[in-house]
Structure formats: C-alpha cells, structure tokens
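# Notes for the structure review
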Amino acid sequence: MLEFLADHSAIAALLKVFFLLMAFVMPLASLSTWAERRQSAMMQDRLGPNRAEITIPGLGWTLRLWGITHFVADALKMAFKEDLVPSKVDRVLYGIAPIMAIAPVLITFAIVPFGSDLCVGKMTEIITSLEGCRRTIPLQVVRLDIGMLFYFALASLAVYGTTLAGWSSYNKWSLLGGLRASSQMMSYEVTMGLSLMGAFLYYGTLEPNAMVLAQGDNPLNWGLFYQPLGFILFLTAAIAETKRAPFDLPEGEPELIGYFVEYSGMRFGIFFLAEFIETIFLAAIVTTVFLGGWHVPGLHEDGFSFLKLPHIAVVLLRSAVWGGKILFLCWLQLLIRWTLPRFRPDQLMRMGWKQLLPLSLLNIVLTAAWVLWRSAH
Amino acid sequence: MVFGMPTPDEIVSGAARELRSRPQFPPGFGEDADDDAPLPTEPMTINMGPSHPAMHGTVRIILTVDGETVKEADVQVGYLHRCFEKEAEYATYTQVFPYTDRLNYVSPLLNNVGFAMAAEKLLGISDKIPERAQYIRVLIGEISRITDHLTCVGASGMEVGAFTPFLWMIKCREWLWELLEELTGARLTHSYVRIGGVAADLTDNFAQRLRDVLAKCREAMVDVEKLIVKNRIFRDRMDGVAVISAEEAVAYGWTGPCLRSTGVPYDVRKDHPYLVYDRFDFDVPVGSTGDNYDRFAVRMEEMRQSMRILEQALDQIPAGPFKLDDPRISLPPKSQVYNTIEGMIGHFKQIVDGVKIPPGEAYSYTEGGNGELGFYLVSDGTGRPYRCHVRAPCFILMQSVPKLIIGAGVADIIPTFGMINMIGGECDR
C-alpha cells in the first residue's frame with residue numbers, strides 16, 4: 001500500500017489533501033467556532049454554548065460533551081436557512097465572493113509540512129537517518145521551491161473575496177466594510193512579507209519543510225529565538241490579515257456590521273468558516289517558520305536519547321506535536337481576540353505603514369548583517 | 001415622509017453641498033494618460049439607524065461622509081416617543097410612577113425619586129418626609145446611579161470592540177438589580193417610590209447584602225480598569241476624541257457626568273443638596289479635556305463616590321416610619337383597609353381620585369444618571385397632573401452630537417454616542 005503511494009505521488013497527494021482538509025482543518029475550524037464561544041464565555045463569566053447534545057438512538061444515551069456538538073447544530077442551521085439574495089446585488093460577483101474568500105486559504109495549506117518524511121519499508125525499524133531510504137513519502141501536499149512565495153501570492157487573492165462581497169452587495173455599509181478590508185489587507189501584506197524576509201535570509205530557503213529541517217529538534221535553535229522581532233511583526237500583520245479583533249475593522253460590529261451584512265445562510269457561513277480557517281493557517285505558518293514545525297524537542301530520527309522509538313512512532317509523535325502547536329496558537333488568537341479593543345482605520349494605517357513597516361525593514365537589515373558576519377567567520 | 005420628516009436629499013447642506021457642487025471631472029481629465037490631476041470624489045449620504053446595532057435606543061443619524069470622515073450629520077430623535085407627558089395627564093400622581101420607570105430605564109429609581117420630589121414640592125411637604133424614607137431614597141438612588149454608569153462605561157468598552165469588560169460590568173449590574181428586585185419586587189421597573197415616602201421598608205438583610213455586593217463590584221471595577229484603562233488601543237480610541245470645551249458645554253445646556261468631564265464641577269447633589277445629601281462626605285470628580293476618555297473616567301470615579309455615599313447612608317440610616325403618616329397622601333395599611341370603614345374609604349378615594357394636590361406649579365430637579373433630571377408639574381387641584389414636563393438630560397446632550405461627530409471618523413461616532421449615553425426612553429419620552 002505505502003509502496004504504491006510512494007510510486008504514485010499524485011494519488012498520494014490527493015490522499016494527503018483529503019486527510020489534511022477533512023481530518024484536520026475543517027474539523028478544527030468547526031471546533032474553533034465552538035471554542036471561541038466557550039473561551040469568550042469563560043473569560044466573561046458566562047456559561048457559553050453547553051446545551052447541544054447527541055442522543056444515541058436505541059440506547060437512549062445522551063452525549064453532551066460540554067456542548068462540543070454545537071458546531072454540528074450551527075452548521076445545520078446555516079445549511080437549512082433560506083438562501084436570501086437581495087434584489088439589487090450583482091448576482092455573479094455576489095455568488096463568487098464567498099468562494100474567493102475561502103479558496104485561497106484552503107489552497108495554501110498545500111505547502112504546509114504536517115509531519116516528517118515517511119520512510120517506506122522501514123516503518124517498524126529504528127532508523128537514525130532518512131539517508132538509507134529507498135522511497136519516502138513527504139507529509140506535505142506539495143513541495144515547492146518557491147514555498148512561501150506561493151503563500152504570499154495566494155494570500156493576496158483573498159482580498160478579492162471581501163472586497164467583492166462589500167461591493168456587490170449593493171449596500172453602503174458593506175461597501176465601507178469592503179473598502180476597509182481591501183486597504184487593511186493590502187497594507188498589512190507588505191509587512192507580512194517583509195517580516196518573513198529575515199527568516200528567509202536566516203534559513204537560506206523559501207521551502208517550508210527545509211525551514212523546519214533547518215531548525216532541528218533543539219528548541220533553542222527555533223526561529224522564534226533567532227527572529228524575535230520578525231515573529232512579533234509577522235504575528236501582528238498576519239492577525240490583521242485574518243481580520244479578527246483587534247483588527248476586525250472590516251466587520252466593525254458596532255459601526256459597520258461588516259462587508260458580509262447582506263449575506264445569510266450558508267453563504268455567510270462560508271465567510272465565517274474562512275475566518276477560522278485563516279486563523280488555523282496563520283497558526284500553521286507561525287509553527288513552521290518560528291516554532292520548529294513538526295519537530296518535537298529532543299526527538300531525533302531514532303527516538304529520544306533515553307528511549308529509542310520505531311520510525312512510525314516518531315513520525316506520528318511529530319505530527320501530533322505539530323497539531324498541538326497549532327492548537328496552542330489558535331487558543332492564543334482567541335485570547336487576543338477577546339482581550340483587545342478594536343483599532344480605528346486611521347490608527348491601523350498609521351501602525352501598518354509607519355511602525356510595522358520600518359521595523360520589518362530594520363529586521364531585514366539586522367538579519368542580513370548578521371548572516372553576512374556569520375558567513376565571514 | 002410622515003410628519004414632514006425631511007428626506008436624506010433635503011438634509012444635505014453646507015459642506016456636503018459644497019462637495020457636491022465640485023466639477024465632476026477637471027477639464028481635460030482622462031485625455032492624457034499621465035494626468036496627475038486628483039480624482040474627483042463625491043460625498044456619500046448614508047443612513048445610520050434607527051435600527052442599527054449600535055443605535056441602542058433607536059435614533060437615526062443621516063451622515064454625509066467623505067471616505068470615512070463625517071462631513072455632515074443630522075441626528076433625529078423621537079423614534080421611541082411614547083407620549084409620557086400626555087399619558088401623565090390622564091393618570092393619578094401615583095399611577096405616573098410606573099411611567100417614570102421607563103424614562104431612563106437603566107436607573108429607574110432615580111426617576112421615581114425625581115417625580116416624587118416634584119409632587120411633594122407642589123404639596124409643600126418636602127420637609128415633612130420621614131428621615132428613614134429620605135435615606136432609603138438616597139440608597140436606592142445611588143444604587144441606580146451605579147447601575148446607570150456601569151451600563152454606560154461597559155458599553156463604551158463594547159463599542160470600541162472590547163466585549164469582555166462589558167459583560168463584567170453587566171454582571172455587577174445584575175447583582176445590584178437582584179438586590180433591588182428583592183427590595184422592590186421587580187428587576188427593572190421598580191415603581192418603588194411613593195409620594196410621601198417609599199412603598200415598603202428595607203428588607204432585613206438589605207444592609208449586609210448591599211455591602212457584600214459593593215465589595216464584589218469594587219473588585220470587578222478594578223478588573224475592568226486593569227483590562228482597558230492602560231490599554232493603548234482603548235486610550236487611542238478614547239483620548240482626544242469628541243472634545244468639547246467647558247464654555248460650549250455650558251452653552252449647550254450640558255449637565256451631569258458629561259459636563260463634569262469638561263471641568264465644571266456642577267452636581268445638583270452638592271450645589272443644591274436635596275434629601276439628605278448634605279450629610280454625606282463625597283467628592284465630585286471632574287475631567288480636564290472634555291473628551292470621550294474623560295467622560296469614561298468621570299463615570300468610573302462617580303461610581304466609587306456613590307459607593308462611599310451608600311456606605312455612609314447604611315451607617316447613618318435611622319429607624320422610623322418609611323412614609324408620611326397622612327391619610328390624604330399615604331395609603332392606609334392593609335389591616336385598616338380590611339377592618340375599618342375609615343381605612344377602606346381612604347383607600348378607595350386615593351385609588352380612584354388620586355392624591356389631591358392644590359393648584360400651582362413646581363419645578364424640581366435632581367441629579368439623574370445623565371445629569372440634571374427635572375420634573376415640571378402643574379396642578380389644577382385634582383388628583384391628576386394638569387401638565388407634566390420632564391427635563392431629560394440626554395435630550396439636551398443629544399443636540400450637541402452633530403458638533404461632536406462632524407469631522408471625526410465613522411468609527412468615532414459610536415463611542416461618542418455611547419459616552420453621551422443617550423437613553424431612548426428618557427430622550428424621546
């Protein structure tokens with residue numbers, strides 16, 4: 001089976017896409033909608049959604065599980081709502097906009113490495129390196145040399161979803177929201193790209209998996225410690241890209257209601273879900289570039305120094321830890337979202353262009369000087 | 001348009017008309033590919049409210065915006081008009097109390113007290129109200145002031161996107177309302193005050209429960225301050241936004257926390273003490289710049305001062321009757337109503353005819369949640385007011401909203417509007 005997949009990389013890629021999206025991203029995004037409500041409820045001394053439950057037919061057992069199944073109820077509600085399209089909208093663009101919002105984020109997951117390479121044929125053996133492997137299956141949908149540039153290219157497409165939604169809705173409030181979204185996302189994309197430039201210089205590659213390999217299993221070598229400024233700048237700019245508080249100006253609930261004000265039912269649900277998928281993707285990129293990707297502290301190719309593990313266990317452990325890092329970063333974003341107030345558009349622009357951009361340029365200069373100095377010695 | 005209400009196009013004037021009359025395209029525009037003439041822009045008229053998530057209290061603002069800058073604003077109030085003043089003319093004085101609950105519905109008891117004091121002034125019994133009743137009025141009034149300010153400062157956090165402090169504040173408000181519910185029987189529409197006193201005595205454990213709640217509220221207020229007062233984003237959003245000078249504020253007729261935020265230390269409780277306010281030691285906090293943050297900070301400090309008053313009132317409150325012992329004004333106790341003919345007739349006459357007030361007019365003013373809350377009553381000698389007018393503080397504050405928001409951004413409208421604390425029930429009556 002694994003040999004077959006190693007030989008037919010297209011089928012393997014399809015399987016990986018299926019696994020990544022259906023088994024990880026979509027469930028996590030759906031769970032995030034519930035987690036966000038529960039998290040905010042805990043912070044605000046409320047109960048939050050805890051009532052949704054599943055009754056197992058025949059047995060009469062009721063599973064409540066702290067209301068986790070709420071997201072199922074939510075999705076059903078969205079799906080069965082009337083698909084209301086206001087009469088004066090531009091129907092084509094109105095229909096395309098939610099797809100334009102969600103598709104780029106889903107596609108960019110292709111470059112995220114979610115585990116180390118599988119060495120086919122030596123699954124149960126203890127191996128010290130992948131060098132002796134005849135065939136390997138990378139746990140990454142596609143390994144592109146342009147890597148992160150692919151992410152930037154697609155991320156800049158996501159702005160069309162919000163802008164078109166705001167423009168095509170034939171509503172002045174959503175137009176204002178769409179304008180805010182486009183100016184905000186374009187401004188912060190600049191910082192987002194430049195803040196990672198330091199990391200590119202440091203790793204000497206654009207390919208995500210190569211970055212992970214370069215960081216190694218010693219946490220002190222992870223990008224976070226070599227690019228602290230880049231980490232903070234990227235996290236800030238990337239949260240602005242996800243359009244969540246404190247950068248939720250396009251939505252601006254008390255003032256504008258948002259660029260999706262005319263959307264209802266599943267169309268709105270897609271915007272809603274896209275926002276959560278963006279947070280997961282942001283977590284994935286931060287993990288890859290700054291937190292050692294799938295590396296587990298102290299776990300070498302043959303297991304820990306005090307406990308040797310077979311290859312399959314090492315790979316599974318790495319993937320699990322990768323998921324744990326992403327969960328942590330998603331939680332961190334929820335915490336930020338429910339703590340901070342919202343910026344004003346002019347303050348947002350000032351911060352983006354006058355503070356974050358010069359700092360990210362400074363980061364590049366410092367990193368470049370350091371890389372030069374290191375190579376000279 | 002009903003009631004001759006102007007359409008958005010009719011309202012556009014001044015700066016907006018000037019913007020509109022600009023030439024659409026400069027001559028020769030677009031003929032040259034390198035044309036660096038500025039792109040022509042035109043203002044957008046946009047309708048905010050009356051049903052808009054931020055317009056708590058149904059108010060409509062017709063905005064003319066240039067990009068996100070407000071050029072023209074037409075604030076239209078009156079969507080919550082319920083004919084309070086006209087209704088009051090058909091109700092006995094006692095029956096007006098439930099209507100006053102619905103004026104400023106986040107501090108109903110302050111309205112109750114204000115109306116009762118106007119009727120008592122007209123009756124000439126202001127100095128005969130039992131001391132215990134006056135202390136009870138101070139207690140419930142200050143609790144209501146705290147609930148009013150809690151709602152306002154909590155909502156101000158929510159309006160700039162910090163939802164968490166809002167719910168912490170609402171939690172405190174709920175504790176206080178539970179206490180008032182135990183005392184008055186209703187969570188929001190208390191109708192607890194009567195002419196000549198209050199409806200019932202304090203409950204047995206009221207003092208202890210109030211002290212407990214105040215301690216918990218103090219903690220929650222510290223939490224809120226930790227979360228937002230030093231938060232850079234919050235300060236940037238509130239500092240220096242919607243500034244008004246003391247002279248302008250006085251000229252507009254501002255009162256209450258909003259006036260004090262500009263530095264004018266006018267507080268009816270201090271300057272024209274009523275009830276027993278002259279017996280308490282409390283400060284009147286004032287701001288310095290008259291911006292949104294000052295209005296927020298003044299309210300925060302006022303809650304602390306109200307708590308000081310509450311604690312002193314709990315210490316000083318004397319025993320005694322809680323309403324005036326006068327069969328023409330106070331209802332007889334139920335035991336007399338059911339067992340004596342005099343009690344029954346007195347009860348019947350008061351319910352059917354109301355408290356008869358000699359002809360005359362009176363204006364009584366108290367410090368409400370938003371400022372000077374005045375009741376003007378004219379009596380023709382019957383048990384129903386001939387005329388009743390409310391000087392609603394936020395109605396007067398609302399007239400300056402266009403001045404505050406013109407030139408600001410769309411995003412500043414909501415916090416400014418929130419700090420003015422327009423309460424539809426009181427403004428539109």
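Residues numbered from 1 in each chain as written. Chains lettered and ligands numbered in written order. Predicted model: local features only at pLDDT ≥ 70, side-chain atom pairs only at ≥ 80, totals over all residues. Heavy atoms only, no water.

For the rest of this paragraph, the subject is the overall build of chain A. Per the secondary structure count, chain A includes 13 helices and four strands. Relative to a compact globule of 377 residues, whose C-alpha radius of gyration would be 21 Å, chain A shows 22 Å and is just as compact. In terms of its C-alpha atoms, chain A occupies a principal-axis envelope of roughly 65 × 65 × 45 Å. Split into buried and exposed, the 377 residues of chain A put 53% on the buried side. Taking all contacts inside chain A whose residues are at least 6 apart in sequence as the whole, residues at least 24 apart take part in 78%. (Helix = DSSP H or I, 4+ residues; strand = E, 2+ residues; numbered from the N terminus. Rg over C-alpha atoms; globule rule 2.2 N^0.38 Å. Buried < 20%, exposed > 50% of the residue type's maximum accessible area, 1.4 Å probe, protein only. Contact = heavy atoms within 4.5 Å.)

Moving on, we come to the overall build of chain B. Within chain B one finds 19 helices and eight strands. Its C-alpha radius of gyration of 25 Å places chain B within 12% of the 22 Å reference for a compact globule of 429 residues. For chain B, the spread of C-alpha atoms along the three principal axes comes to 100 × 50 × 35 Å. Each of the 429 residues in chain B was classed as buried or not, and the buried ones make up 56%. Within chain B, residue pairs in contact and separated by at least 24 positions form 70% of the contacts whose partners lie at least 6 positions apart. For chain B, the computed accessible surface area is about 17,400 Å², with 55% contributed by carbon and sulfur atoms. Here chain B contributes 44 positive and 59 negative side-chain charges, whose respective centroids are spaced 6 Å apart. (Areas by Shrake-Rupley, 256 points an atom, 1.4 Å probe, with all protein chains shown as cover. Lys, Arg positive; Asp, Glu negative; His and termini not counted. Charge placed at Lys NZ, Arg CZ, Asp CG, Glu CD.)

Once that is clear, we can look at the layout of surface pockets. The probe, sized like a water molecule, is rolled over the atoms to show the empty space still left. Roughly 720 Å³ of volume is contained in the largest pocket. If you go around the largest pocket, you meet 33 residues; those closest to its centre are Glu 251, Glu 253, Arg 337 and Trp 338 of chain A together with Phe 163 of chain B. Mapped by element, the contributors of at least two residues to the lining of the largest pocket are helix H2 (9–43) and helix H11 (265–290) of chain A together with helix H6 (131–159) of chain B. Looking at the lining of the largest pocket residue by residue, the classes come out as 16 nonpolar, five polar and twelve charged. (1 Å grid on protein atoms, 1.4 Å probe; cavity = no way out; pocket = protein on both sides within 12 Å on 5 of 7 lines; lining within 4 Å. Points joined across faces, edges and corners; volume = space filled by probe spheres on them. Nonpolar A, V, L, I, M, F, W, Y, C, P; charged D, E, K, R; others polar.)

This next bit is on the interface of chain A and chain B. Each partner contributes to the interface: chain A provides 23 residues, whereas chain B provides 31 residues. When chain A packs against chain B, close to 2,400 Å² is buried across both sides, 61% of that on carbon and sulfur atoms. Seen at the junction of chain A and chain B, the total is three salt bridges. Taking the shortest distance from any N to any O, the salt bridge between Arg 344 of chain A and Asp 412 of chain B comes out at 3.2 Å. Here chain A and chain B share twelve residue pairs in polar contact (both at pLDDT 80 or more) between them. Going through the elements one at a time, helix H7 (172–203) and helix H13 (345–376) of chain A are the ones with two or more residues in the side of chain A that touches chain B. If one sorts the elements of the side of chain A that touches chain B by residue count, H7 of chain A sits on top with four residues. Of the residues assigned to the side of chain A that touches chain B, the class counts are twelve nonpolar, three polar and eight charged. (Buried area = accessible area lost by both parts, 1.4 Å probe. Salt bridge = Lys/Arg side-chain N within 4 Å of Asp/Glu carboxyl O. Polar contact = N/O pair within 3.5 Å; in protein donor to acceptor, adjacent residues only side chain to side chain.)

The next subject is empty space enclosed by the protein. All names here are of chain A. One pass over the full model with this rule turns up five cavities of 30 Å³ or more. Put simply, the largest cavity is a space of about 180 Å³. The wall of the largest cavity is formed by 15 residues, among which Val 105, Tyr 151, Ala 155, Glu 278 and Phe 281 lie closest to the centre. Listed by contribution, the elements that provide at least two residues to the lining of the largest cavity are helix H4 (91–108), helix H5 (148–155), H7, helix H10 (228–242) and H11. Taken as a whole, the second largest cavity spans an internal volume of roughly 70 Å³. Lining the second largest cavity, in full, are Ala 101, Ala 158, Thr 162, Met 185, Thr 242, Lys 243, Tyr 259, Phe 271, Ala 274, Glu 275 and Glu 278.

Another aspect to go through is the sheet that holds strand S3 (residues 69–76) of chain B. By definition, the strands of a sheet pair up through backbone hydrogen bonds, in either a parallel or an antiparallel sense. Residues and elements named next belong to chain B. Read across the sheet, three strands follow the order S1-S2-S3 without closing on themselves; strand pairing throughout is antiparallel. Every interior strand has two partners, whereas the edge strands, strand S1 (44–48) and S3, have only one. Going from strand to strand, the sheet's axes swing by 20° on average, the running direction of each strand aside. Sheet analysis places strand S2 (residues 60–66) next to S3, joined by seven bridges and oriented antiparallel. (Pairing = 2+ DSSP bridges. Axes fitted to C-alpha atoms, helices over the stretch in contact; angles between N-to-C directions.)

To continue, consider the environment of Arg 51 of chain A. Residues and elements named next belong to chain A. Mapping Arg 51 onto the fold places it in the loop between H2 and strand S1 (54–56). Expressed as a C-alpha distance, the spacing of Arg 51 and His 70, which sit 19 residues apart in the sequence, is 7.6 Å. Only 3.3 Å separates the side chain of Arg 51 from the side chain of Asn 50, close enough to count as a polar contact.

For the rest of this paragraph, the subject is the environment of Leu 377 of chain B. Mapped onto the secondary structure, Leu 377 of chain B falls in strand S7 (residues 372–379). For the pair formed by Leu 377 of chain B and Thr 416 of chain B, sequence separation is 39 residues and the distance between their alpha carbons is 33 Å.

Our next topic: H2 of chain A. By the largest-angle criterion, Leu 21 of chain A marks the main kink of H2 of chain A, which is about 30°. Where H2 of chain A ends, the next residue or the one after it, Asp 45 of chain A, has phi of about 60°, a positive value. (Bend = angle between axes of the 7 residues up to and from the residue.)

Turning our eyes to something else, we now look at the packing of aromatic side chains. Tallying each qualifying case throughout the model produces 36 aromatic pairs over all chains. Lying over the aromatic face of Trp 338 of chain A, Arg 337 of chain A brings its terminal NZ or CZ to 4.3 Å of the ring centre. In this arrangement the basic side chain of Lys 216 of chain B is found over the ring face of Trp 175 of chain B, its NZ or CZ atom lying 4.2 Å from the centre. (Phe/Tyr/Trp six-rings, centres within 6.5 Å; stacked < 30°, edge-to-face > 60°. Lys NZ or Arg CZ within 6 Å of the ring centre and 35° of its normal.)

Residues and elements named next belong to chain B. Its place among the elements puts Ser 261 in the loop between helix H11 (256–260) and helix H12 (268–271). A polar contact is formed between the side chain of Ser 261 and the backbone oxygen of Cys 258, at a distance of 2.6 Å. The contacts of Ser 261, once residues within four sequence positions are left out, are Gly 287, Ser 288, Thr 289, Gly 290, Asp 294, Arg 295 and Val 298.

Across all of its chains, the model carries 39 salt bridges over all chains by this definition. Here Arg 143 of chain A makes a salt bridge to Asp 117 of chain A, at a shortest N to O gap of 3.1 Å. Residue Arg 143 of chain A is located in the loop between strand S4 (136–137) and H5, and its partner Asp 117 of chain A is located in the loop between H4 and strand S3 (118–119); the two are separated by 26 residues in the primary sequence. Looking at Arg 143 of chain A, the relative accessible area reads 37%, which means it is partly exposed. Across the pair Arg 350 of chain A and Asp 346 of chain A runs a salt bridge, and its minimum N-O distance is 3.6 Å. With Arg 350 of chain A and Asp 346 of chain A both in helix H13 and four residues apart, the pair spans about one turn of that helix. Arg 350 of chain A sits in the partly exposed class, given a relative accessible area of 41%. Shared partners join several salt bridges into a network, and the residues in it are Glu 142, Arg 145, Arg 260, Asp 267, Arg 269, Glu 302 and Glu 367 of chain B.

This brings us to the nonpolar core. Formed by 86 residues in total, the largest nonpolar core has its most connected members in Leu 139, Ile 195, Leu 210, Phe 280 and Phe 296 of chain B. Excluding its chain neighbours within four sequence positions, the residues that come into contact with Leu 210 of chain B are Leu 139, Ile 143, Leu 176, Leu 179, Leu 310 and Leu 314 of chain B. Core analysis: the second largest hydrophobic core is formed by 70 residues, Ala 29, Met 123, Ala 155 and Phe 231 of chain A among them. (Core = buried A, V, L, I, M, F, W, Y, C linked by side-chain atoms within 4.5 Å.)

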